[in-house]
Amino acid sequence: MSIRKVAVLGTGIMGAPMARNIANAGFAVTVWNRTTSKAERLSDVTTVAATPAEAAAQADAVVTMLENSSVVTQLLFGDGDAAAAAPEGCLFIDMSSIQPSVARDHAAMLEKIRKRHLDAPVSGGEKGAIEATLAIMAGGGKDDLADAETLLKSMGNVTHVGDHGAGQVAKLANQAIVAVTIGAVAEALLLAQEGGCDPVAVRSAIMGGFATSRILDLHGQRMLERNWMPGGPIRMQLKDLNNVIEVAREAGLTLPLTEKAQRAYSDLNDAMSAGNQDHSAYLLWLEALNGGKRLGQGADQRAG
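Residues numbered from 1 in each chain as written. Predicted model: local features only at pLDDT ≥ 70, side-chain atom pairs only at ≥ 80, totals over all residues. Heavy atoms only, no water.

Points about the overall build of the protein
Part 1: Of the regular secondary structure elements, the protein holds 15 helices and 9 strands.
Part 2: In terms of overall dimensions, the protein is globule-like: its C-alpha atoms have a radius of gyration of 21 Å, near the 19 Å expected for 304 residues.
Part 3: When its C-alpha atoms are laid out on the principal axes, the protein stretches across 70 × 45 × 35 Å.
Part 4: By the burial criterion, 49% of the 304 residues in the protein qualify as buried.
Part 5: Sequence separation of at least 24 residues holds for 65% of the intrachain contacts in the protein that already meet a minimum separation of 6.
Part 6: On the protein, roughly 13,700 Å² of surface is accessible, and the fraction owed to carbon and sulfur atoms is 52%.
Part 7: On the protein, the mean spot of the 27 positive side-chain charges and the mean spot of the 33 negative ones are 2 Å from each other. (Helix = DSSP H or I, 4+ residues; strand = E, 2+ residues; numbered from the N terminus. Rg over C-alpha atoms; globule rule 2.2 N^0.38 Å. Buried < 20%, exposed > 50% of the residue type's maximum accessible area, 1.4 Å probe, protein only. Contact = heavy atoms within 4.5 Å. Areas by Shrake-Rupley, 256 points an atom, 1.4 Å probe, with all protein chains shown as cover. Lys, Arg positive; Asp, Glu negative; His and termini not counted. Charge placed at Lys NZ, Arg CZ, Asp CG, Glu CD.)

Let's talk about the confidence of the model for the protein
Part 1: Within the protein, residue pLDDT values average 95, and 98% of them lie at 70 or more.
Part 2: In the model, residues 299-304 has pLDDT below 50 throughout and makes 4 contacts with residues more than four positions away in sequence or in other chains. (pLDDT = per-residue confidence, 0-100.)

Side note on the pairing of strand β2 (residues 28-32)
Part 1: Where strand β1 (residues 5-9) lies against β2, 5 bridges are found, and the strand directions are parallel. Opposite lysine 5, over in β2, you have alanine 28 as the bridge partner.
Part 2: With respect to chirality, the unit in which β1 leads through helix α1 (residues 15-24) into the neighbouring parallel β2 is right-handed.
Part 3: Taken together, the 2 bridges between β2 and strand β3 (residues 47-48) define a ladder with parallel strand orientation. Each residue of the ladder has a partner; that of valine 31, found in β3, is valine 48. (Pairing = 2+ DSSP bridges. Right-handed = clockwise from strand over helix to strand, strands pointing away.)

Remarks on the pattern of salt bridges
Part 1: Counting across every chain of the model gives 10 salt bridges.
Part 2: Residue lysine 127 is joined to glutamate 131 by a salt bridge in which the shortest nitrogen-to-oxygen separation is 2.9 Å. Here lysine 127 and its partner glutamate 131 are both found in helix α7 (residues 125-131), 4 residues apart, which amounts to about one turn of the helix. (Salt bridge = Lys/Arg side-chain N within 4 Å of Asp/Glu carboxyl O.)

Here we look at α1
Part 1: Burial analysis of α1 places 8 of its 10 residues in the buried class, which makes it a mostly covered element.
Part 2: Check the buried side of α1 and you find it contacts β1, β2, α7, β8 (134-140) and α8 (142-153).
Part 3: Phi for glycine 26, located one or two positions after α1, is positive at around 105 degrees.

Topic: the packing of aromatic side chains
Part 1: In this structure the tally under the stated criterion is 2 aromatic pairs.
Part 2: Put simply, the rings of Tyr265, Tyr282 and Trp285 pair up and form one aromatic cluster. (Phe/Tyr/Trp six-rings, centres within 6.5 Å; stacked < 30°, edge-to-face > 60°.)

Section: the packing of helix α10 (residues 199-206) against helix α11 (residues 214-225)
Part 1: Contact geometry of α10 with α11 gives a least axis separation of 11 Å together with a crossing angle of 175 degrees. Classified by the angle their axes make, α10 and α11 are roughly antiparallel. From α10, Pro199, Val200, Arg203 and Ile206 reach across to α11, where they touch Leu216, Asp217, Gly220, Gln221 and Leu224.
Part 2: Classifying every residue of the contact of α10 with α11 by side-chain character gives 5 nonpolar, 2 polar and 2 charged. (Axes fitted to C-alpha atoms, helices over the stretch in contact; angles between N-to-C directions. Parallel < 35°, antiparallel > 145°, perpendicular 65-115°, else oblique. Nonpolar A, V, L, I, M, F, W, Y, C, P; charged D, E, K, R; others polar.)

Examining unusual backbone geometry
Part 1: The phi dihedral of aspartate 81 is positive, around 60 degrees, even though this residue is not glycine.
Part 2: Turning to its location among the elements, aspartate 81 is positioned in the loop between α4 (69-77) and α5 (82-85).
Part 3: Despite not being glycine, arginine 114 has its phi angle at roughly 60 degrees, a positive value.
Part 4: Relative to the assigned elements, arginine 114 resides in the loop between α6 (100-112) and β6 (116-119).
Part 5: Since its relative accessible area comes to 57%, arginine 114 is described here as exposed.

Examining α11
Helical geometry note: an α-helix holds 3.6 residues per turn, so side chains three or four residues apart project in the same direction.
Part 1: With 12 residues, α11 should reach 16 Å at 1.5 Å per residue; the first-to-last C-alpha distance of 16 Å fits that figure.
Part 2: Inspection of α11 places Ile215, Leu216, His219, Gly220, Arg222 and Met223 among the buried residues, and these make up the whole buried set. On an axial view of α11, the arc spanned by its buried residues comes to 155 degrees, and they lie on one face.
Part 3: For α11, the secondary structure elements touched by its buried residues are α9 (166-194), α10 and α14 (282-289).
Part 4: Of the residues trailing α11, arginine 226 is marked for its positive phi of about 55 degrees. (Expected span 1.5 Å × (residues − 1). Arc of directions from axis to C-beta.)

If you want it as structure tokens, here you go:
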């Protein structure tokens, strides 16, 4: 089935640049967002719909980029009514990060009303969304993925990882790596400083070795600058880590490093009220754990 008309539900930090890239690739795009002003910022390249159902009504594919499982369910099958409004054969591509079991339920519910489903969450953050370099992990049928390939490639690089729900499991694996690595970078930079090094120079030095990563590059810089403007908010990282722990328990697994990161992000979100800050603000939790030692205020700075 050829896809030309695309509805995008959710035009926040990630969804807005994704919708713009889809439109720039030549698709006819209709957008909807709960906060209308965020959708209207895309009016130069898209049509803005008043409701999810209106957005989906003429769509060949519906892309959702929403906060959590319950919001996706509500917009598709509840008050949003997008699933019922969409034409028969419409392909729903959920690029949100939700529970794998919910993704499988959505696929089954859509199949009953002769509509199709892919779960295709992404990694790469706001920068990847803007630059159309997102890593897209797709779960679902290979034929449906083939239909969606050109659309997905307008946003990044897609890999088929398994059946319905597998994309969400792959995203959880990604989020476990991200969370643990953010923690490791924060610890390394604070250790370097308190051990007598210039943390800026240490980050630069180890970027050429085995420790190099996008986390060290992008989030290490955020930590040094103390820039907590969210690309990926702590509350969203915590949601994903809670889902990681749930899936791990269902599989009979213990993940000690991920569990430690989950507790840190839980403290940040709840006790430290930092849920809307970038997930690199893990550093704040680490600093509090170490008696208020602060990156950027090491021994040399205090002595001066």
